[in-house]
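These are the residues of each chain, in order.
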Amino acid sequence: MAVLARVLPRSLQGYQAGWLRTDVVAGVTLAAVAIPETMGYTSIAQTPVVTGLYTIIFPTLVFALLGSSRLLVVGADSATAAILAAGLAGIGIAGLQPNSAEWLAWTSLVALVCGGLLVLARLLKLGFLGDFLSASVLVGFLTGVGIQVLAGQIPDMLGIAKGSGNWFEQQWSTITHALDANGWTLAFAAGTLIIIVGFERFLPKVPGAVVAVIVSIILSNMLNASGHGVAVVGAVESGFPPIGLPDGLTWSDIPKVLGIAFSCFVLIIAQSAATSRSFAMKHSQTVDVNRDIVGLSGANFAAGLTGTFAVNGSPTKTQILDEQKGRTQVANMTMSLIALVVVLFLTGLLTDMPKAVLASIVFLIGIGLIDLGGLRRIRAARVSEFAIAVITAVVVFAIGVEAGIILAIVLSIIEIVRRAYAPKDFLVGTDSGGGMTYVRAEPGRQSLPGLLVFRFDAQLFFANASRFSDQLDGLLSAAPTDVRWLVLDCSSLNDIDYSAGITIARLIRALHADGRVFALAQADPDLLATLEKYGTLADFDNSHIYSTVAAAVTAFRSSSLPSASPESE
C-alpha cells in the first residue's frame, strides 16, 4: 500500500472505493456541460469547433496526474481564449486569418510558451505573481471580459456580419445592421437562451446547454436551416487529436507570442490558484499552488502538442463538479474519456448545429462573468478599489484583454504602494486597567504626558520613509507637553530598506541632540539585525530595546520624568 501511495497522483492519494460511483456520475454531468461550453469557447479563440473538445481531453488528464487540487477542472476558458484571440489579431502577421490552420498553429504555440513560463514560475517559486491580481481587479477584469465576450456573440446570434475596427465601432456596426438579422438564426438563438435559462430556473439538475444543442441539431436537420440562411458548424474533424508540434512554426516565432503568453500565464496562475484555494478551504483540504503550477504547465504543454489552445482552471466547471458531489480528479478523467468518445465517433452529429446556438451559449457565459454584485460590494467597502475595478473592466472591453491584464497588474501594484505610502498610523497608550489603547496619530495628541508611542502600520521603505519622518516631526512639535521619550512600536515592522534605515538614524541623532530618549518596542531579531547591519543603531542605547510596548511604558514611568494618567488626546 505504501508503494501504491507513492505512485498515485497527488490529487488521488487517499482515494476511497466508495467515491468511485459519485465521481463517475459527476464526471458524466460535467461532460454534458463542458462539451457544448468548450465548443462555444472556440468562437472566442476563433479556432475550429473540435479544438474546444481537445482542451478537455489530454490537458485535463495531464493536470489530474500532475496537479494537487482534487477538484480544479482544467480546460478551455473564456478569459484566456479572449486574451489569445485579441493578442494574435494584434501581432501583425501578414495573412494570418482566424479559423485557419495557421491561426490554430499560433494558438498552440502560445499554449507551449505558457507551459514554459509556468515551468519557470515553478522553478523560481513565482506562484505569488498571481496574488498581484487583487480580488477587486479580478472582478473588474472578468467583468470586462464578460462584456467583450457577450458583445462579440451578438452578430452570430442575429446572423449578420461582424463589424471591424475597435470595440465601439464593432458595436455601432451591430446596431446599424440589426434590422438585417436573419429571422431563422434569431429564432435558434432565442430558443437556445430560453431553453438554457428555463432549465436553470426549473430543472437545474439537467444541463440546458446539452438539451439546446440536441434540439437545435434535430430542428436544423429537419427544417434544412442552412437553406434558410442559417450558418451551421459544418463538417467537424473526427478522430484522435493530432499529436505533435504546431505546423509551420519554429523557435524563432516564440518572441512574437511572449506578450500574449505572459498575459495568459498571469491569468492562469491567478484564476487557478484562487479557484483551487477556495474549494479546498470549503472542504477543509490543503492545496499546493506550486504543485498545481506543475499540473497547469503540463496541461498547457499537452494542449500545444494536441492541436488546441491554452487552458486554464475553470471556476464555473469546478463549481458544477462540486455541486454534483465530485470528490477527486477521477470525475475530470471521466469527462475527458467522454469527450474523447465524442471526437472519435460522434462529431458527424454536430454538422447541422447552428452557430447561433454556440454563440448563445457563450453569450450566457459572458453574462455570468459580469459580476455586478461583486462591484457593488467593492464600492461599499472601498471606493478606490471600485474605481480600479471599473477602469480595468473598461480597458478590457474597449482597448483589449491583453492591455487590460497588464493594467490590472500595474493598478494592483500601485494600490499596494499607495497603501504602504499612507498607512493608518496610531499612537499607543494605556488605559486605567493597564491595557493598550490606540488612537489616530494626529498632531496635538500623545500617549502620556511626555511620551509618544508611535505605530507606523506598514513596512518602512524608501517611498514612505520621508512621510514617516515628517509625521513624527509634526507629532513632536505639536505635542501638548514636552516629549521626553519617543517609542517606536515595531509590531508591524519586520523589515526596512537602507533608505528607511538612514531616516531612522537621523531621527535618533536629532532626538539625542534635544536630550530626548528614543526606544524600540516589540522589534523582532531579524529587524534588529538589519538595523545593526545598516549602522542605524550606532548611536543608540541598546538598553532602550523593549520586548513589548507595555514594558517600554513601564520603563518611561520609572524614569525620572513625572508620570501622569493616560489620555487619548
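In this report, we go over the structure that sits alongside the text. (Residues numbered from 1 in each chain as written. Predicted model: local features only at pLDDT ≥ 70, side-chain atom pairs only at ≥ 80, totals over all residues. Heavy atoms only, no water.)

**Topic: the overall build of the protein**
Here is the rule we go by: Runs of E in the DSSP output that reach at least two residues are strands. Runs of H or I that reach at least four are helices, and both are numbered from the N terminus. Buried means the residue's accessible area, taken with a 1.4 Å probe over protein chains only, is under 20% of the maximum for its type, while exposed means over 50%, and partly exposed covers the values in between. The positive count covers Lys and Arg only, the negative count covers Asp and Glu only, and His and the chain ends enter neither. Taken as the charge location is NZ of Lys, CZ of Arg, CG of Asp or CD of Glu.
The helix and strand inventory of the protein stands at 22 helices and eight strands. Considering only C-alpha atoms, the protein reaches an extent of 100 × 65 × 55 Å along its principal axes. Expressed as a percentage of the 569 residues in the protein, the buried residues total 50%. Here the protein carries 34 positive and 39 negative side-chain charges, and the mean point of each set is 6 Å from the other.

**Brief notes about the packing of helix H19 (residues 462-478) against helix H20 (residues 498-513)**
Two packed helices can be described by the angle between their axes and the distance between those axes. Put simply, the test is: Each axis is a line fitted through C-alpha atoms, taken for helices only over the stretch in contact, and angles between the N-to-C directions span 0 to 180 degrees. Here the word oblique covers every angle except those under 35 degrees (roughly parallel), over 145 (roughly antiparallel) and from 65 to 115 (roughly perpendicular). Each crossing is labelled by how the near helix is turned from the far one, with a counterclockwise turn of less than a right angle marking it left-handed and a clockwise turn marking it right-handed. Contact between two residues is taken to exist if any of their heavy atoms lie within 4.5 Å; hydrogens are not considered.
Between H19 and H20, the shortest axis-to-axis distance is 8 Å and the interhelical angle comes to 20 degrees. Judged by the angle between their axes, H19 and H20 are roughly parallel. Judged by the twist between their axes, the crossing of H19 over H20 is right-handed. In contact with Phe462, Ala465, Phe468, Ser469, Leu472 and Leu476 of H19, H20 contributes Ser499, Ala500, Thr503, Ile504, Leu507 and Leu511.

**Observations regarding the layout of surface pockets**
Inclusion rule: Cavity and pocket criteria rest on a 1 Å grid covering protein atoms alone: a 1.4 Å probe that fits but cannot get out defines a cavity, protein on both sides within 12 Å along at least 5 of 7 lines defines an open pocket, and an atom within 4 Å of a point defines a lining residue. Grid points are joined across faces, edges and corners, and a volume is the space filled by probe spheres set on the points. Residue classes follow a fixed rule: Ala, Val, Leu, Ile, Met, Phe, Trp, Tyr, Cys and Pro count as nonpolar, while Asp, Glu, Lys and Arg count as charged, and any other residue, Gly among them, counts as polar.
Taken as a whole, the largest pocket holds about 1,200 Å³ of empty space. Along the walls of the largest pocket sit 47 residues, with Glu37, Pro315, Thr316, Ile320 and Gly368 positioned nearest its centre. In terms of residue count, helix H11 (residues 254-282) provides more of the lining of the largest pocket than any other element does, eight residues in total. Class assignment for the residues of the lining of the largest pocket results in 26 nonpolar, 13 polar and eight charged. Taken as a whole, the second largest pocket holds about 700 Å³ of empty space. Gln46, Gln148, Gly152, Trp167 and Gln170 are the residues nearest the centre of the second largest pocket, which is lined by 29 residues in total.

**Brief notes about the nonpolar core**
Side chains of a nonpolar character, in soluble globular proteins, are inclined to be buried together. Formally: Working definition of a nonpolar core: buried Ala, Val, Leu, Ile, Met, Phe, Trp, Tyr and Cys residues. They are joined through side-chain atoms within 4.5 Å.
In this structure, Val110, Phe141 and Val145 are the most contacted members of the largest nonpolar core, which totals 93 residues. Among all residues touching Val110, those that are not within four sequence positions of it are Leu84, Leu88, Val257, Ile260, Ala261 and Cys264. Grouped together as the second largest cluster of nonpolar side chains are 33 residues, Leu476, Ala479, Leu488 and Ile508 included.

**Description of the pairing of strand S6 (residues 485-489)**
Condition: Two strands form a pair only when DSSP identifies at least two bridges running between them. Every crossover in which the path from the first strand over the helix to the second runs clockwise, viewed with the strands pointing away from the viewer, is termed right-handed.
In terms of burial, S6 is largely enclosed, as five of its five residues are buried. Pairing geometry for strand S5 (residues 451-455) and S6, over five bridges, is parallel. Considered in S6, the bridge of Arg455 is made with Asp489. Taken together, S5, H19 and S6 form a β-α-β motif whose crossover is right-handed. In this structure, S6 lies alongside strand S7 (residues 517-521), joined through five bridges in parallel fashion. Bridging from a neighbouring strand, Leu488 pairs with Leu520 of S7. For the crossover that starts at S6, traverses H20 and ends in the parallel S7, the hand is right-handed.

**Let's talk about unusual backbone geometry**
Despite not being glycine, Asn224 has its phi angle at roughly 50 degrees, a positive value. Turning to its location among the elements, Asn224 is positioned in the loop between helix H10 (208-223) and H11. For Asn224, a relative accessible area of 45% corresponds to the partly exposed category. With a phi close to 60 degrees, Gln522 is a non-glycine residue in the positive phi region. For Gln522, the position within the fold is in the loop between S7 and helix H21 (525-534). Classification of Gln522 as partly exposed rests on a relative accessible area of 39%.

**Comments concerning H21**
Short version of the rule: In this description, one arc is meant: the one made by directions from the helix axis to the C-beta atoms. Polar contact is defined as a pair of N or O atoms within 3.5 Å, subject to the rule that within protein one atom must be able to donate a hydrogen and the other to accept it, and that residues adjacent in sequence are counted only when both atoms are side-chain atoms.
Residues of H21 that are buried include every one of Leu527, Leu528, Thr530 and Leu531, and no others. What you see down the axis of H21 is that its buried residues fit within an arc of 160 degrees, all on one side. Exposed and facing more than 90 degrees away from the buried side of H21 are Pro525, Asp526 and Lys533. Close packing links the buried residues of H21 with H20, S7 and strand S8 (545-546). A distance of 3.1 Å separates the backbone nitrogen of Asp526 from a side-chain oxygen at the start of H21, and that oxygen is part of Asp524. Count one or two residues on from H21 and you reach Gly535, which has phi positive near 80 degrees.

**Thoughts on the packing of helix H4 (residues 58-66) against helix H14 (residues 330-346)**
In the contact formed by H4 and H14, the axes pass within 9 Å of each other and the chain directions differ by 160 degrees. Here H4 lies roughly antiparallel to H14, going by the angle between them. Between H4 and H14 lies a crossing whose hand is left-handed. Residues Thr60, Leu61, Ala64 and Leu65 of H4 pack against Asn332, Met333, Met335 and Ser336 of H14.

**Considering the environment of Asp489**
Along the chain, Asp489 falls in strand S6. Between the alpha carbons of Asp489 and Val549 there is a distance of 6.6 Å; along the sequence they are 60 residues apart. There is a polar contact of 2.9 Å between the side chain of Asp489 and the side chain of Ser491.

**What to know about H4**
Residues of H4 that are buried: Pro59, Thr60, Phe63 and Ala64. Taken around the axis of H4, the buried residues stretch over an arc of 135 degrees, which confines them to a single face. Residues of H4 that are buried in the fold lie against helix H3 (49-54), strand S1 (74-75), helix H12 (289-305) and H14.

**Comments concerning the packing of aromatic side chains**
To be explicit about the condition: Pairing of aromatic side chains requires ring centres within 6.5 Å, counting the rings of Phe and Tyr and the six-membered ring of Trp. Pairs whose planes differ by under 30 degrees are stacked, by over 60 edge-to-face, and all others tilted. Lysine NZ or arginine CZ positioned within 6 Å of the ring centre and within 35 degrees of the ring normal marks a charge as sitting over the ring.
For the structure shown, the criterion picks out 11 aromatic pairs. Between Trp167 and Phe168, the ring centres sit 5.2 Å apart and the planes meet at 85 degrees, which makes this aromatic pair edge-to-face. By way of ring pairs, the aromatic residues Trp167, Phe168 and Phe397 are connected into one cluster. It is Arg379 that lies over the ring of Phe386; its NZ or CZ is 5.8 Å from the centre.

**Topic: the pattern of salt bridges**
How we decide: Whenever Lys or Arg places a side-chain nitrogen within 4 Å of a carboxyl oxygen from Asp or Glu, that contact is recorded as a salt bridge.
Enumeration over the complete set of coordinates arrives at eight salt bridges. Here Asp156 ties to Lys162 by a salt bridge, and the two come within 3.8 Å at their closest N and O atoms. Relative accessible area serves as the criterion here: at 46%, Lys162 is assigned to the partly exposed category. Through salt bridges with shared partners, one network takes in Asp482, Arg484 and Arg516.

Any functional reading would require information that these geometric values do not contain.
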